[in-house]
Amino acid sequence: MAVTTRTRKSARRRQLEAAINYPIDWLEERSGLIGGLRYFLFRKVPGDTNWFHTLGSATLTAFLVQALTGVILAMYYQPDATVNPATGTSAAYGSIQHITNDLTLGWLVRGMHKWGASVFIILLFFHMARVFLFGAYKYPRELNWIIGVTLLVFGMLEGFTGYLLPWDQTAYWATVVGINLNGTAPILGPFLADFLRGGAEIGGDTLSRFYSLHMLLLPGAIFALIGLHLYLVIRLGVTSPPWSREAAGTDWNEKPSENGRSGLTQPSGRSAWRRNGADT
Amino acid sequence: MATTDEWRRQHQRYKEDVKRRGKPFYPYAMFHDTVMSLVVVSVIIGLAAVWYYTSGEDPKTCGSGDSCLLGPRYSEPADPATTNFVPRPDWYFYFLFYLLRIFKWPDSVILGTVGIPTVMLIIAFALPFLDRRMERRLTRRPVAIVAAILVVISMGELTYKGAIAKEALASEVVQAVPSWAQRQGFANNAEAVAGAKIFASSGCTACHTYLGTGSSNQGAPDLSAEATRGKSKQQLMAYIRDPSQFGNNIMPKFGFSDQQLSQLAAFLLASKGPK
Ligand code: HEM
């Protein structure tokens, strides 16, 4: 009796497993995505990976917060500088007031977007500092550093274009100054300033132009670059902290440097022994 | 400087080391990443909450009714005409913004607006090709360390200066008009006094200084003795009407009426410098 229930139970379990596995296998067979995910999750990273290495994914999280809150804001925000005669303010400014003061949790969405921008920029700089201090921009990761600098520039441009959208005094005059500064650049400057303004004066055309750059072009480019960035991170692996006793890739058999200062951070002899010990 | 072969061997060693002694991304690194991301999201929510709950619907109540710890919800609606403004970018542009004050218009301002930022950006992009040594330990990278410290100190200093730089508010500047009139001796010249009021309330002092009021921003000159520069009233009016016609792409076109332009010019021509 006991035996029959056990076999029946395990038969049911087998059926259940097959039902769960079927869609997974189906997807894997047709796309290889499951294998990719498995590779991503279970790939080896250096054993001395530490909290400094979380700054990149923290930057990613901040960017995703911007993307998500931005999509919600775009449902209510109106990129329109036309003054509404009933209220005496522009549609853009009115929609910002409406989002902040009236909509359920609108303040949270706008507040997170507004402050998330600063957090994103700070994390970008921190992540860049960690890459610099670890010497992680060196071979073979040069390209990822260059993609990173591009991301930094695009991130700051997101800040510049987004700052205008509330169409308040701060926004307007910061942009007047910002665009005029672009205009001082030799040769290209005046063209750039004209392009950004969308005319001779800063007005409705500037607003819709900034809005389009802010929510289509720049975020699109940033998403694509992040994808490339992460692809390279996974392909090349992350750098061990340079001070680590077991930094991956260190040549422990390297001759101690001639000036005899090798013992300063890396007592010679012992580490060579370690590595050789691990090899045998 | 390492040869390409040395680099390749080094990376090969890296891959072998990671394979042998590394640990899987999940759950180890992923755990740290998740904790950090939760901290980031909490900080963002926290900032949003402090910002919202210390401010009110009316931007004017900041400082009186509301503490506005993190600033108002928005400032007053954009108004190209009143120009009662404090032009100030978001904080992460302060370093650029302050850089501009160091250079004087028009001779060297390009250094601040384009020159230095472009050079810094090129160095940033080119870094992996400028530093080609294999060494990664900080104690053995003195140049990198000194450069990093200098960059952090100068960016920090410029950001801080940009943050505390005080732009006089137009409402405060207008209070100074009677004292200007007295010190420059144009108190009896009604047109000049009217011009001084326009000058004080239109935000000119965000960039120009006048008898110690205002801030010299983006290299704009002091105007206390503009009359001594030998420009005619017509020339001054034409310049203020559209500065870009005269190669000045920084100063905005304010859209003054002919009467306002005439008053402003009268004010400038009455500004011969304090005795
Ligand atoms: C949207 C912006 C960015 C995102 C989402 C991002 C994300 C990441 C992530 C998740 C990693 C894995 C290791 C780690 O977290 O430290 C990484 C590594 C890296 N990042 Fe970024 N990053 C961004 C911007 C930048 C910037 C501004 C730079 C430098 C200018 C940069 C240069 C690098 C380099 C060279 C690596 C490889 C580091 C190593 O091998 O140790 N990234 N990035």
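This structure is a prediction, so every number in the text was calculated from the model and none was measured.

This brings us to the overall build of chain B. The secondary structure content of chain B amounts to ten helices and one strand. Order of helices (α) and strands (β) in chain B, N terminus to C terminus: α-β-α-α-α-α-α-α-α-α-α. By the compact-globule yardstick of 19 Å for 275 residues, chain B is too spread out, its C-alpha radius of gyration being 27 Å. Taken along its principal axes, the extent of the C-alpha atoms in chain B is 90 × 50 × 30 Å. When each of the 275 residues of chain B is scored for burial, the buried share is 43%. On chain B, the mean spot of the 30 positive side-chain charges and the mean spot of the 22 negative ones are 8 Å from each other.

All right, on to the interface of chain A and chain B then. Each side of the interface is counted separately: chain A has 92 residues, and chain B has 87 residues. Surface buried jointly by chain A and chain B totals about 8,300 Å² across both partners, of which 66% is contributed by carbon and sulfur atoms. The three residues of chain A that bury the most area against chain B are Trp115, Tyr139 and Trp173 of chain A, which together make up 9% of that side's buried surface. Taken together, chain A and chain B are joined by three salt bridges. Notably, a salt bridge pairs Arg13 of chain B with Asp251 of chain A, separated by 3.8 Å at the nearest N-O pair. Remark: the boundary between chain A and chain B carries 33 residue pairs in polar contact (both at pLDDT 80 or more).

Overall, the coordinates contain one cavity of 30 Å³ or more when judged by the stated rule. Counted as a void, the largest cavity has a volume near 110 Å³. Forming the boundary of the largest cavity are 13 residues, of which Tyr139, Arg141 and Thr239 of chain A together with Gln10 and Arg136 of chain B lie nearest the centre.

For the rest of this paragraph, the subject is the site of the ligand. All names here are of chain A. The full set close to the ligand counts 26 residues, and His53, His127, Arg130, His229 and Thr239 are the nearest of them. Measuring from a nitrogen atom of the ligand, one finds a side-chain N or O atom of His127 at 2.8 Å. Residue Thr239 places a main-chain N or O atom 2.9 Å away from an oxygen atom belonging to the ligand. Contributions of two or more residues to the shell around the ligand are made by helix H3 (54-76), helix H5 (106-133), helix H6 (142-164) and helix H9 (204-236). Looking at the shell around the ligand residue by residue, the classes come out as 14 nonpolar, ten polar and two charged.

Our next topic: the domain arrangement of chain B. Looking at the assigned domains, one finds that chain B contains domain 1 (23-77), domain 2 (89-166) and domain 3 (171-269). Taking the mean C-alpha position of each, domain 1 of chain B and domain 2 of chain B sit 28 Å from one another.

All right, on to the packing of aromatic side chains then. Counting across every chain of the model gives 30 aromatic pairs over all chains. Taking 5.5 Å as the distance between ring centres and 70° as the angle between the ring planes, the aromatic pair formed by Tyr93 of chain A and Tyr74 of chain B counts as edge-to-face. Of this pair, Tyr93 of chain A sits in helix H4 (residues 91-101) while Tyr74 of chain B sits in the loop between helix H2 (25-53) and helix H3 (94-102), placing the two residues on different chains. The two residues Tyr93 of chain A and Tyr74 of chain B agree in class, both being buried. Through a chain of ring-to-ring contacts, three or more aromatic side chains come together here, namely Phe160 and Phe210 of chain A together with Trp91, Tyr92 and Phe93 of chain B.

A few words now on the state of the cysteines. Residues and elements named next belong to chain B. Summed over all chains, the structure comprises one disulfide over all chains. Two residues share a disulfide in this structure: Cys62 and Cys68, whose sulfurs sit 1.9 Å from each other. Here the S-S torsion is close to -75°, and the disulfide linking Cys62 with Cys68 is therefore left-handed. There is no disulfide at Cys204, and the cysteine sulfur nearest it, in Cys207, is 9.0 Å away.

A few words now on H4 of chain A. Of all the eleven residues making up H4 of chain A, eight are buried; the element is thus mostly covered by neighbouring parts of the structure. Of all the positions in H4 of chain A, only Ala91, Ala92, Tyr93, Ser95, Ile96, Ile99, Thr100 and Asn101 of chain A are classed as buried. Looking at the packing, one finds that the buried side of H4 of chain A touches H3, H5 and H9 of chain A together with H2 of chain B.

Per-residue pLDDT for chain A has a mean of 88; in total, 88% of the residues score no lower than 70. Per-residue pLDDT stays below 50 along residues 256-280 of chain A; that stretch engages in 26 contacts with residues further than four places along the chain or on separate chains.

Cis rather than trans, the peptide bond between Tyr139 of chain A and Pro140 of chain A has omega equal to 0°. Topologically, Pro140 of chain A is positioned in the loop between H5 and H6. Cis peptide bonds are those with omega within 30 degrees of zero, and the linkage from Tyr26 of chain B to Pro27 of chain B qualifies with 5°. Relative to the assigned elements, Pro27 of chain B resides in helix H2. One non-glycine residue, Trp167 of chain A, lies in positive phi territory at about 55°. Relative to the elements of secondary structure, Trp167 of chain A occurs in the loop between H6 and helix H7 (169-183). Residue Cys68 of chain B is not a glycine yet carries a positive backbone phi of 45°.

Calculation criteria
- Going along each chain's sequence as written, the residues are numbered from 1 onward.
- Chain labels run from A onward and ligand labels from 1 onward, assigned in the order the entries are written.
- Only residues with pLDDT of 70 or above have their local features reported here, since the model is predicted, and side-chain atom pairs are shown and tallied only from 80 upward, although totals for entire chains, interfaces and linings are computed over all residues.
- Working from all heavy atoms in the structure, the side-chain values ignore hydrogens and water.
- Put simply, DSSP H or I for four residues or longer makes a helix, DSSP E for two residues or longer makes a strand, and each gets a number counted from the N terminus.
- Radius of gyration here uses only the C-alpha atoms, and the compact-globule reference equals 2.2 Å multiplied by the residue count raised to the power 0.38.
- Burial status follows relative accessibility: with a 1.4 Å probe on protein chains alone, a residue under 20% of its type maximum counts as buried, one over 50% as exposed, and anything between as partly exposed.
- None of His or the chain ends enter the tally, which takes Lys and Arg as positive and Asp and Glu as negative.
- Just so you know, the charge point we use is NZ for Lys, CZ for Arg, CG for Asp and CD for Glu.
- Residues are treated as being in contact if the distance between any of their heavy atoms lies within 4.5 Å.
- Each of two parts loses accessible area, computed with a 1.4 Å probe, when they are put together; buried area is these two losses added.
- Take a side-chain nitrogen of Lys or Arg and a carboxyl oxygen of Asp or Glu: if they are within 4 Å of each other, that pair is a salt bridge.
- In protein, a polar contact requires one atom able to donate a hydrogen and another able to accept it; more generally it is a pair of N or O atoms within 3.5 Å, and residues adjacent in sequence count only if both atoms are side-chain atoms.
- We place a 1 Å grid over just the protein atoms. Points where a 1.4 Å probe fits but has no way out form a cavity, open points with protein on both sides within 12 Å along at least 5 of 7 lines form a pocket, and any residue with an atom within 4 Å of a point lines it.
- Grid points are joined across faces, edges and corners, and a volume is the space filled by probe spheres set on the points.
- If a single non-hydrogen atom of a residue is within 4 Å of a molecule or strand, that residue counts as near it.
- Following the grouping adopted for this structure description, the nonpolar residues are Ala, Val, Leu, Ile, Met, Phe, Trp, Tyr, Cys and Pro, the charged ones are Asp, Glu, Lys and Arg, and the polar ones are all others, Gly among them.
- For each domain, the first and last residues come from an automatic or database assignment.
- Note on aromatic pairs: the rings of Phe, Tyr and Trp (six-membered ring only in Trp) are paired at centre separations within 6.5 Å, and the planes decide the class, stacked below 30 degrees, edge-to-face beyond 60, tilted for the rest.
- We call a pair of cysteine sulfur atoms a disulfide when they lie within 2.5 Å.
- Per-residue confidence from the predictor is reported as pLDDT, a score between 0 and 100.

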